[in-house]
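Architecture and fold: a report
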Amino acid sequence: MGNSLISIQIIPKTKNGESVIPLVDEAISIIKESGVKFEVHPLETTMEGELSELFKVIEKMNERMIELGSVNVISQVKILYQPSGIAMDDLTEKYR
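Residues numbered from 1 in each chain as written. Predicted model: local features only at pLDDT ≥ 70, side-chain atom pairs only at ≥ 80, totals over all residues. Heavy atoms only, no water.

Our focus in this paragraph is the packing of helix α1 (residues 21–34) against helix α2 (residues 51–67). Across the interface, α1 lies against α2 with an axial gap of 9 Å and an inter-helix angle of 145°. Between α1 and α2 lies a crossing of right-handed hand. Within the contact between the two elements, α1 uses Leu-23, Glu-26, Ala-27, Ile-30, Ile-31 and Ser-34 and α2 uses Glu-53, Val-57, Lys-60, Met-61, Arg-64 and Met-65. The class makeup of the residues in the contact of α1 with α2 is seven nonpolar, one polar and four charged. (Axes fitted to C-alpha atoms, helices over the stretch in contact; angles between N-to-C directions. Helix = DSSP H or I, 4+ residues; strand = E, 2+ residues; numbered from the N terminus. Left-handed = near helix turned anticlockwise from the far one by under 90°. Contact = heavy atoms within 4.5 Å. Nonpolar A, V, L, I, M, F, W, Y, C, P; charged D, E, K, R; others polar.)

Let us look at the pattern of salt bridges. Charged atoms that come close allow side chains of opposite charge to pair. In total, this model carries five salt bridges according to the counting rule given. As a salt-bridge pair, Glu-39 and Arg-96 come within 3.2 Å of each other at their nearest N and O atoms. One end of the pair, Glu-39, is in strand β2 (residues 37–40); the other, Arg-96, is in the segment after α3 (88–92), and 57 residues separate them in sequence. Exposure remark for Glu-39: the relative accessible area of 18% places this residue in the buried category. Salt bridges sharing common partners tie together Glu-26, Arg-64 and Glu-67. (Salt bridge = Lys/Arg side-chain N within 4 Å of Asp/Glu carboxyl O. Buried < 20%, exposed > 50% of the residue type's maximum accessible area, 1.4 Å probe, protein only.)

And the structure:
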């Protein structure tokens, strides 16, 4: 459990309108490689951890999209910061 939950939808812009799915898959692999707890959902991915660590993951995701040829990247982010600690399960347990 960390002090934050961040949900991110990353929207890379391709040069010639190519599919962004391979780029989104790469962004998710960056999250996986970071070692933070995460869940993939249809429209966004939620990460759990320390706020500063999660921001670094987002930075790497954006940088990688540019490395792969994206012209630019939109990152839609929702942040829940709770210094006493918060976990995804705290918010979703009753629905499972």
